[in-house]
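# Coordinates in review
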Amino acid sequence: MLPQAEINRVLYVTAHPDDVDFGAAGSAALFVDRGAEVTYLLVTDGDAGGNERTLDNTGMAELRRTEQRAAAKAVGVTDVRFLGYPDGQVVPSLELRRSIARVIRQVRPDLVVTHHPDRNYRFIAPSHPDHRAVGGAALDAVYPDARNPYAFPELLLEEGLEAWTVREVWLTGGPAPDHYVDVTDVIDRKLAALQSHVSQVAHVEGFAEGVKSRFAAWGEQAGFGPGRYAEAFQVVPTA
Ligand SMILES: [Zn+2]
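Our subject in this report is the structure included herewith. Since we're looking at a predicted model, the values are computed, not measured.

Here we come to the pairing of strand E5 (residues 168-172). Of all 5 residues that make up E5, 5 are buried, and the element is covered over most of its length. Relative to E5, strand E4 (residues 111-115) runs parallel, the two being bridged by 5 bridges. Pairing of Val-112 across the sheet is with Val-169, part of E5.

In structure tokens:
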């Protein structure tokens, strides 16, 4: 694995507003605290989300962007970018790969954090089709697109974006995590980030307790001891 000291820029690539906060906002807070530059890239605006069942989602995209920016701020992240793909219709297209490769070349991250592209048969929520599509496209953007100057040559020729090699990827929501980050010291900031998604979570009874018990279970699985919280990842070396 990459030594912490060599992780200076981190790019999180997720499908919907709140995904990064459920899966990885604690680790983002820790990276920010260590002085790393952290960028969030959201593929959709989550415009098919929300609790109101009127089927009129006018304004939902803008609301969810605002909520995501507030959630990012709760863990110290200020660089939040949106690609604006329609929620619920994401496929790992060449166009999406190019969009993600563009941001990789702009941000030049040492580490990319994204969704696991495989279906998790133990627990269905992480395997939303948009998540799998974004995870697959992000991995393809890491290898080969971002590092190969002949992939999407217009990125170099028209936008001046040089090839960039991401050295490591962490996947969230997969069936077999092999790396746990102790987020106990920042669990309140992670919770504040999650609660910034008011349209998604304000109506959920016992939300804070539910979140804490989920991440306490990871803490236990990681062997961090009682009362510790953890986020779980599968590490992919990509250097
Ligand atoms: Zn999602």
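Counted at 1.5 Å a residue, the expected span for helix H1 (residues 19-33) with its 15 residues is 21 Å, and the 21 Å between its end C-alpha atoms agrees. Ala-25 marks where H1 bends most, by close to 70°. Here H1 lies mainly inside the structure; 12 of its 15 residues are buried. Asp-19, Val-20, Asp-21, Gly-23, Ala-24, Ala-25, Gly-26, Ser-27, Ala-28, Ala-29, Leu-30 and Phe-31 are the residues of H1 that are buried. Two residues or fewer after H1 comes Gly-35, characterised by a positive phi angle close to 95°.

Glancing now at the sheet that holds strand E1 (residues 9-14). Read across the open sheet, the 7 strands follow the order E3-E2-E1-E4-E5-E7-E6; overall the sheet is mixed. Whereas interior strands pair on both sides, the edge strands pair on one side only; in this sheet they are strand E3 (79-85) and strand E6 (179-182). This sheet shows a mean twist of 25° between the axes of neighbouring strands, independent of strand direction. For E1 and E4, the ladder comprises 4 bridges, and the chain directions are parallel. Each bridged residue has a counterpart across the sheet, and for Val-10 the counterpart in E4 is Leu-111. Taken strand by strand, helix H3 (residues 94-107) contacts E1, strand E2 (37-44) and E3, and its axis lies near 165° from that of E3.

Here the focus is the coordination of the zinc ion. Protein ligation of the zinc ion involves His-16 (ND1), Asp-19 (OD), Asp-19 (OD) and His-131 (NE2), the donor distances falling in the range 2.0 to 2.6 Å. Viewed at the metal, the 4 donor atoms of the zinc ion are separated by angles of 54 to 129°, and the geometry they form is irregular. On the primary sequence, the residues serving as donors to the zinc ion are separated as H-x2-D-x111-H. Given the relative accessible area of 12%, Asp-19 is considered buried.

Below, the discussion takes up helix H8 (residues 207-222). Relative to the 22 Å expected for 16 residues at 1.5 Å per residue, H8 spans 23 Å between its end C-alpha atoms, a close match to the ideal helical length. Listed in full, the buried residues belonging to H8 are Phe-207, Ala-208, Val-211, Phe-215 and Gly-219. Looking down the long axis of H8, one finds its buried residues gathered within 105° of arc, a one-sided arrangement. Along H8, exposed side chains directed more than 90 degrees from the buried face belong to Glu-209, Glu-220 and Gln-221. The secondary structure elements touched by the buried residues of H8 are H1, helix H6 (187-195), helix H7 (198-201) and strand E7 (230-237). Following H8 by one or two positions, Gly-223 has its phi on the positive side, about 80°.

The rules behind the values
- Residues numbered from 1 in each chain as written.
- Predicted model: local features only at pLDDT ≥ 70, side-chain atom pairs only at ≥ 80, totals over all residues.
- Heavy atoms only, no water.
- Buried < 20%, exposed > 50% of the residue type's maximum accessible area, 1.4 Å probe, protein only.
- Helix = DSSP H or I, 4+ residues; strand = E, 2+ residues; numbered from the N terminus.
- Pairing = 2+ DSSP bridges.
- Expected span 1.5 Å × (residues − 1).
- Bend = angle between axes of the 7 residues up to and from the residue.
- Axes fitted to C-alpha atoms, helices over the stretch in contact; angles between N-to-C directions.
- Contact = heavy atoms within 4.5 Å.
- Donors = N, O, S within 2.8 Å, 3.2 Å for Na, K, Ca; no water.
- Tetrahedral: all angles 85-135°; square planar, octahedral: opposite > 155°, others 65-115°.
- Arc of directions from axis to C-beta.

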